[in-house]
Amino acid sequence: MAVDTRPAAPPAQPAPARRARRPWLDALLVQVVAVVAAFLFAALVGAIIIMLYGESPFFVYATLWEFSTARLSDVARVLEQATPLIFSALAVAVAFKCGLFNIGVEGQYIVGMMTATMAAVWIELPLSIHLPLVVLAAVAGSMVWAFVPAILKVKTGAHEVVTTIMMNGIAVSLVAWALLNPLRTSETGFVDLRSDRFPDSATMPALAPSLGLEEQIPASAHLTWLFPLALLAALWVWFLLNRTRLGYEARAVGSSPGSAEAGGISIGATQLKVFLISGALAGFVGLNYLLGDAGFLGINYETTLGFTGIAVAFLGRNHPVGIVLAALLFGVLFRGEDGVAVATDLPREITVILEGLLILSVVVAYEIARRVQLRREAEIRREVEVEGGAHATA
Amino acid sequence: MPLLDLGAAIAIGLAYFTIIYLTGLGGLFSERSGIVNIGLEGLMIVGTVMGAWGAINWGPVPGLFIGAISGLLFAMVHAVATVTFRVDHIVSGVVINVVALGLARFLSQLFFGSSSQSTSGVPNFDTIDIPLLSSLPGGLGRAFQDMSPVTPFAFLLLIPVIFVLSRTRFGLRLRSAGENPEATRTLGVRVAPLRYGGVGISGTLAGLSGAFLAIEVNALYQEGQTQGLGFIALAALILGNWSPTRLMIGALLFGFAQAIPLRLDDAPVIGALPDQFVRMIPYVVTIIAIAGFVGRVQPPAAAGKAYEGAGGA
């Protein structure tokens, strides 16, 4: 697929020239080439599909971009869409760095929405206490849901992919039960199952009024304080992974469990902590929808944010900065959908196809890049050994 | 509990069994060849939308066929990614599921003018009555009346599947590719085509299962109609320890578990549980099994591992 479009690394280069280049720069270059190639490939295949519809790809891509960036309110909608995806992708990435696959973000955030709803409708408090409490309830609910696969992994070796998939299934039924029983609203006149409406003290304030942008950003764009919080979370995850002891241990366990253990790191304890952190991040995923948009939990709550988050994490290379950029891109595609529907004859779902193409080619391109990287490192190592041998005999 | 209800519940359970078993068998072929396939749900989704489209235009047989072929083609994405490019199997499987959701919306818009559902009344097969069983006394005979012919087909599929896996050259080689690809290669058998075959069969059966759901069970395509049955099939496969016979037992159990909330509300003990808890049973049972609290399940030894090919290149 994406391989052939990518200019091959020059293998015939003389050895000294390659060694002069710094390894990290070399690695970065391979990554960048892979991403660019994947984007070009996806755009190209997308263009072919668009042309089959008799539309101009340039016009469609330009429309996508314009519709999501032209006005401040469009940007706000892009950020609204990006907010939950940043959280869910961070949740996936943290676990991934430790060699764990959290497919369960989906179930974790659904349970988080349920516990947040309980805290929102059952407790009466002033905003400054109630709102943090509701957020905390979401985080706690998600962490409980993450704890089960985590402890089973550590204690029994049950593969977290299987257990989290099953926990997702249980979560859906659990929330359906909660909505049917303890959380069901006593108000009548609703067709669908739903909870009571949340009090104002459990509603996430919009960002626009605080910035004095009420004129430009209408309330229908649900851009809340959770977006800056998502950016902070990305920063925190970076700090956690790169500047703390736990982050170091997590990466050690993720890249080489054997050496990590030999180095005195407890694999189980690290995995447990990291999985709980992942679950805590998952707790924020449903909150923009729940507290910033709907204001109640209904049976038709927003789903698949967890699975999309996995795609965003792949696209962002499990790096906080990459994740924020990838989430913004998904936001642009989501918002641009309306533009495509208005300005062209294409079905709006074309953006979902573009997303899919992009994820597929990125996943393959990264894997190829990883292998190119490994091969180069092996070559450099060999050369160093050969030279070392030459010195010894001289 | 009146037997009439029990009969009706069994009938629904058998429909769910068909979905879970066909998809699970698909997963079995993929995983026995060494490729973990958590994309079964996505493959089923593609089968539902394509199958409904085929049946609306040309009738149930072409509908099921188109559903199966679409599953096969979509599964090739997983095969190319995991076998040729050696992408992590879980990563690729997740991508398959995510992409399938979007693809289904796109195709549905294209075919039916609505991204979320087709018109109802998709043409399906004439139902059949199973001889003898359908005349069981009480209400029990109802379980075997008005059955889709695909259901007995799914039951009978067990025989050729066991034969292929344990008696044919392809089946034995497929299993060896999943247990020990290095040894397979040493014997001069190429691993990649076997794994392509395994993944291809998984797509075909999952697509067929999705088409069955849309055409025969619901008589319409609807977004989200698979309801995680692909994951339940995965659960049945794990619980069935990757064996076709035990998978069948698992699929029967989980199929009936799906039917209980619909028809057996007044059954003793289990009827007292809220429906939602009954729906959790397959997932809970699988977690217990995978954690090793009851027996031990053992996946194919090389499943999930990339095979680097001869010489590591």
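Residues numbered from 1 in each chain as written. Chains lettered and ligands numbered in written order. Predicted model: local features only at pLDDT ≥ 70, side-chain atom pairs only at ≥ 80, totals over all residues. Heavy atoms only, no water.

Chain-level statistics for chain A give a pLDDT mean of 89 and a share of 93% at 70 or above. Considering only residues more than four positions removed or in separate chains, one finds that residues 1-8 of chain A, a stretch of pLDDT under 50, has 14 contacts. (pLDDT = per-residue confidence, 0-100. Contact = heavy atoms within 4.5 Å.)

Taken together, the contact between chain A and chain B spans 40 residues of the former and 39 residues of the latter. Carbon and sulfur atoms supply 83% of the area buried between chain A and chain B, which totals about 3500 Å² over both sides. The three residues of chain A that bury the most area against chain B are Met166(A), Glu349(A) and Arg371(A), which together make up 17% of that side's buried surface. The tally of links from chain A across to chain B stands at 1 salt bridge. Where chain A meets chain B, there are 0 residue pairs in polar contact (both at pLDDT 80 or more). If you list the elements that add at least two residues to the side of chain A that touches chain B, you get α6 (127-156), α7 (160-180), α14 (305-315) and α16 (350-393) of chain A. Among the elements that line the side of chain A that touches chain B, the one with the most residues is α7(A), at 13 residues. Along the lines of polarity and charge, the residues of the side of chain A that touches chain B split into 30 nonpolar, 7 polar and 3 charged. (Buried area = accessible area lost by both parts, 1.4 Å probe. Salt bridge = Lys/Arg side-chain N within 4 Å of Asp/Glu carboxyl O. Polar contact = N/O pair within 3.5 Å; in protein donor to acceptor, adjacent residues only side chain to side chain. Helix = DSSP H or I, 4+ residues; strand = E, 2+ residues; numbered from the N terminus. Nonpolar A, V, L, I, M, F, W, Y, C, P; charged D, E, K, R; others polar.)

Core analysis: the biggest nonpolar cluster contains 210 residues, and Ile103(A), Leu291(A), Tyr21(B) and Ile38(B) have the highest contact counts within it. Here this core takes 15 residues from α16(A), the largest share from any one element. When near neighbours in sequence (up to four residues on either side) are disregarded, Tyr21(B) contacts Ala154(B), Leu158(B), Pro244(B), Leu247(B), Met248(B) and Ala251(B). (Core = buried A, V, L, I, M, F, W, Y, C linked by side-chain atoms within 4.5 Å. Buried < 20%, exposed > 50% of the residue type's maximum accessible area, 1.4 Å probe, protein only.)

Further remarks concern the pattern of salt bridges. Residue and element names in this part refer to chain A. Per the stated rule, a full pass over the model turns up 11 salt bridges over all chains. Between Arg371 and Glu367 there is a salt bridge whose closest N-O contact spans 2.9 Å. Of this pair, Arg371 and Glu367 both sit in helix α16, 4 residues apart, roughly one helical turn. Taking the relative accessible area as the measure of exposure, Arg371 reaches 18% and is therefore buried. Given a relative accessible area of 11%, Glu367 falls into the buried group.

A cluster of nonpolar side chains, Trp24(A), Leu25(A), Leu28(A), Val32(A), Val36(A) and Leu40(A), forms an exposed patch at the surface whose accessible area comes to about 590 Å². Checked against the element boundaries, Leu40(A) lands in helix α2 (residues 23-52). (Patch = residues over 30% accessible without salt bridge, like charges linked within 9 Å, V, L, I, M, F, W, Y side chains within 5 Å. Areas by Shrake-Rupley, 256 points an atom, 1.4 Å probe, with all protein chains shown as cover.)

Turning our attention to the packing of helix α4 (residues 72-97) of chain A against helix α12 (residues 267-282) of chain A. Helix packing for two helices is described by the angle between their axes and how far apart those axes are. Residue and element names in this part refer to chain A. It is at 8 Å that the axes of α4 and α12 come closest, and there the two elements cross at 175°. The orientation of α4 relative to α12 falls into the category roughly antiparallel. Counted together, Phe87, Leu90, Ala91, Val92, Val94 and Ala95 of α4 and Val274, Ile277, Ser278, Leu281 and Ala282 of α12 form the full contact between these two elements. Across the contact of α4 with α12, the residue classes tally to 10 nonpolar, 1 polar and no charged. (Axes fitted to C-alpha atoms, helices over the stretch in contact; angles between N-to-C directions. Parallel < 35°, antiparallel > 145°, perpendicular 65-115°, else oblique.)

Residues and elements named next belong to chain B. As for its placement among the helices and strands, Glu31 is situated in helix α1 (residues 3-32). Buried charge without a salt bridge: Glu31, with Arg32 as the nearest opposite-charge side chain at an N-O distance of 8.8 Å. Filtering out sequence-adjacent residues up to four positions away, Glu31 remains in contact with Val36, Asn37, Leu234, Leu237, Trp242, Pro300 and Ala303. (Lys, Arg positive; Asp, Glu negative; His and termini not counted.)

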